[in-house]
Amino acid sequence: MGQGKRRITVISISSLVLVAMVVAVTIGVSQNTSGLNHSRQEVTTSTKAIKNLCEPTDYKQVCVESLTRSAGNTTDPKELIRVVFQVAKEKIQEAARNSTLLQKLHNNPRTKEALGNCGDLAEAASNDLERSFDQMGQIDASKFDDLLANLKTWLSGAITYQETCLDGFENTTGDAGEKMKEYLRTGMQLTSNGLAIVTEISAALSSMNIEGFNNRRLLSHELPILGHDEFPTWVDAGKRKLLAAGATTFKPDLIVAKDGTGKYKTINEALKDIPLNSNKTFVLYIKEGVYQEKVQFNRTMTHLMVVGDGPTKTKITGGLNFIDGVTTFHTATVVVLGDFFIAKDIGFENSAGPEKHQAVALRVGADMSIFYNCQMDGYQDTLYAHTYRQFYRDCVITGTIDFIFGDSAAVFQGCTLVVRKPLDNQANIVTAQGRKDNRQPTGIVLQNCTITADPAYYPVRNQIKSYLGRPWKEYSRTIIMESFIDDLIQPEGWMPWNGTFGLDTCFYTEYNNRGPSASKANRAHWKGVKKVTKARMERFTASQFIMGGTWIPVTGVPYTPGFIFPPPTNSSNAPTAVPPPVPQAVTPSTAPPPVTQAVTPSTVPPPVPQTAAPAPSRTSSNSKRGFLGIFF
């Protein structure tokens, strides 16, 4: 078949699927009616459509009841899905109003702050449901796989924001946390249901091997793919080159300089000049200097590029922390929320010492965000990779406890993770991934990274133990591949969070790593510590896990879509003789020496008690086809 005919075939199939989504329920019911010899139906077509749509969800009763009340008599599955999103949004907004009322009734500062956070987080969750609702109404046959990826990412974000609201009540007094949990119950269940429905559609299409839906690369020779033949409108050629050069080579849109050579001396002064909701890249150049500011790049600051003079020359620093009364969520020195954010050659720091416990340097909740040759310095909870798709290249991240954490889909390539010296009665944990729902497309992926000890910690690395990660939430997922693991990591590799919590439901795997502590011979024997095949591991490469090929190469940031080294030939994926780390385009600078602190021994705050929900049953490919029958 010629390329032209093949393309027509692909587009025809795509169009057929989308048309079927609109009319299939009615057609399916008519066929069923004839099969029953025209006997009287016991349920209306709308009720049958609702029950079919709700079949893969964990909260079926909530799904059916909410749709029955709100969907009218429609049998259009696309509209029914939109109703799921809309009702979830309304319930979350109702919870936000209740949090505002509760805030007025509480005098405890930490509780009031937690309730205030819930209002902001509920708004973020509502926004994710709103854009999911809008995208379902703007289906494009040629971009159906992009639509499904976006929906899963945004619905996952909505789940995480609601969970983060509840996390804020750790160590608070009174019943405000329990009340908020009750207020959010229906909204969280409906959001989970929406994710379940979208995930099932995606899985069903994949199981049917429909060209154009199963694997984007099948169409690479036929249809233009962003990053291969064209640039998106928001990255012009000049600003793309800026990433490969220095900030002074091309004229930025706005300059901040402490020495007075820019338009502003502080970053916060410059924020008012950044265009809102832009679809063009706006470059903010921050000259060399230490900026003691708390900075938030809001959700409306889209397509923003922030460039410094180097990760140790341009530094934004702060010291907010949990011990001094600030919730973890608000301790961040810098907060990034606008989609398509890019940072290059800049440092982010929280200078609070290890005795101050949670103290975030950088919190990121921006979809398709990139950090290139940056440095994040802190101790506990340094980098809060909160939500959505994120990519880190050639960065240095320093810390002690859970210093990379959150529930984003984050890929780290060529990064150096420097473990610092904690308090004497603490242990170090590199990652604490926070996946709450097993359908969330999230996780932490470390590829060709180096895990090593800070010079001050190195002499005591055998007395103060270090681990690769621990399960913060039930379905915590962390993948370490093709990385160098130095001799500071304990042989068991992974550390429990609290008793047996998450040990059976997490997903931790190591693949083709190297270094003194790369051996898996004595790794923790949990059900959640997996040995996986090469084919399954490919799902966690940047091109597949975060669809990196559609948005990273066009920026000019170095990017590896697949494996870097040849896969191992042995079945156990044990470390093999692999060359030293691949030299990076930018060599990360060494981590600064630890801040000298007057150390007061204290214990790590106990984790929040969790009640693990039963894992949803997984359907076979045949039942997936049956579910998809409501669309065909």
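Residue numbers run consecutively from 1 along every chain, following the written order of its sequence. A pLDDT threshold of at least 70 governs which residues receive local features in this predicted model, and a stricter bar of 80 or more applies before side-chain atom pairs are shown or counted, although totals over entire chains, interfaces and linings include all residues. With hydrogens and water excluded, all non-hydrogen atoms of the structure serve as input to the side-chain values.

### Some details on the overall build of the protein
- Within the protein, the regular secondary structure consists of twelve helices and 26 strands.
- Each of the 632 residues in the protein was classed as buried or not, and the buried ones make up 56%.
- Sequence separation of at least 24 residues holds for 73% of the intrachain contacts in the protein that already meet a minimum separation of 6.
- A 1.4 Å probe and the Shrake-Rupley method give the accessible areas. Residues count as covered only by the protein chains that appear here. Surface summary for the protein: the accessible area is close to 25400 Å², and the carbon and sulfur share equals 52%. Runs of E in the DSSP output that reach at least two residues are strands. Runs of H or I that reach at least four are helices, and both are numbered from the N terminus. Relative accessibility decides the category of a residue: with a 1.4 Å probe and only protein chains considered, values under 20% of the type maximum give buried, values over 50% give exposed, and everything between is partly exposed. Residues count as neighbours in contact if any of their non-hydrogen atoms are within 4.5 Å of one another.

### What to know about the side chain of Ser483
- By secondary structure assignment, the location of Ser483 is in the loop between strand S23 (477-481) and strand S24 (484-485).
- With relative accessibility at 0%, the residue Ser483 sits in the buried group.
- For the purposes of these results, a polar contact is taken to be a pair of N or O atoms within 3.5 Å, where, inside protein, one atom must be able to donate a hydrogen and its partner to accept one; residues adjacent in sequence count only when each atom of the pair is a side-chain atom. Within polar-contact distance, the side chain of Ser483 engages the backbone nitrogen of Asn448 at 3.3 Å.
- A polar side-chain atom of Ser483 sits 2.9 Å from the main-chain amide nitrogen of Cys449.
- Here Ser483 is in contact with Leu446, Gln447, Asn448, Cys449, Asn512, Asn513 and Arg514, once residues within four sequence places are set aside.

### Remarks on the packing of aromatic side chains
- Two aromatic rings from Phe, Tyr or Trp, using only the six-membered ring of Trp, form a pair when their centres are within 6.5 Å; if the ring planes differ by under 30 degrees the pair is stacked, by over 60 it is edge-to-face, and anything between is tilted. Counted by the stated rule, this structure contains 14 aromatic pairs.
- Relative to Phe371, the ring of Phe341 lies with its centre 5.7 Å away and its plane at 40°, an arrangement referred to as tilted. Linking Phe341 in the loop between strand S7 (334-336) and strand S8 (342-344) with Phe371 in strand S11 (residues 369-372), this pair joins segments that are 30 residues apart in sequence. Phe371 shares its class with Phe341; the two are buried.
- When the centroid spacing of 6.4 Å and the interplanar angle of 45° are considered together, the rings of Tyr508 and Trp526 count as tilted.

### As for the state of the cysteines
- By definition, disulfides here are pairs of cysteine sulfur atoms that lie within 2.5 Å. Applying the stated criterion to the full structure yields two disulfides.
- Two residues share a disulfide in this structure: Cys54 and Cys63, whose sulfurs sit 2.0 Å from each other. Looking down the S-S bond of the Cys54 and Cys63 bridge, the torsion is -75°, so its handedness is left-handed.
- Under the relative-accessibility criterion, Cys54 is labelled buried at 1%.
- At a sulfur-sulfur separation of 1.9 Å, the disulfide partner of Cys118 is Cys165. Torsion about the S-S bond of the Cys118 and Cys165 cystine: about 90°, corresponding to right-handed handedness. Of this pair, Cys118 sits in helix H5 (residues 109-136) while Cys165 sits in helix H6 (residues 144-167); the two residues are 47 residues apart in sequence, bridging distant segments of the chain.

### Overview of the sheet that holds strand S3 (residues 289-292)
- For two strands to pair, DSSP has to find at least two bridges joining them. Judged by pairing direction, the sheet is parallel, and its eight strands sit side by side in the order S3-S6-S9-S12-S15-S18-S21-S24 without closing on themselves. The open sheet has two edge strands, S3 and S24, and neither has a second partner.
- Pairing between strand S18 (residues 416-419) and strand S21 (residues 450-453): four bridges, direction parallel. Across the sheet, Val419 pairs through a bridge with Ala453, a residue of S21.

### Thoughts on the packing of helix H3 (residues 60-70) against helix H7 (residues 176-207)
- Lines fitted to C-alpha atoms define the axes here, with helix axes fitted over just the stretch in contact, and angles between the N-to-C directions of these axes take values from 0 to 180 degrees. Axis separation between H3 and H7 bottoms out at 10 Å; the angle between their running directions is 95°. Taken together, the axes of H3 and H7 lie roughly perpendicular to each other. Between H3 and H7, the residues in contact are Val62, Cys63 and Ser66 and Thr186, Gln189, Leu190 and Asn193, respectively.
- Under the scheme applied here, ten amino acids are nonpolar (Ala, Val, Leu, Ile, Met, Phe, Trp, Tyr, Cys and Pro), four are charged (Asp, Glu, Lys and Arg), and all others, including Gly, are polar. A breakdown of the residues in the contact of H3 with H7 according to their chemical character gives three nonpolar, four polar and no charged. The scheme is simple: roughly parallel for angles under 35 degrees, roughly antiparallel for over 145, roughly perpendicular for 65 to 115, oblique for anything else.

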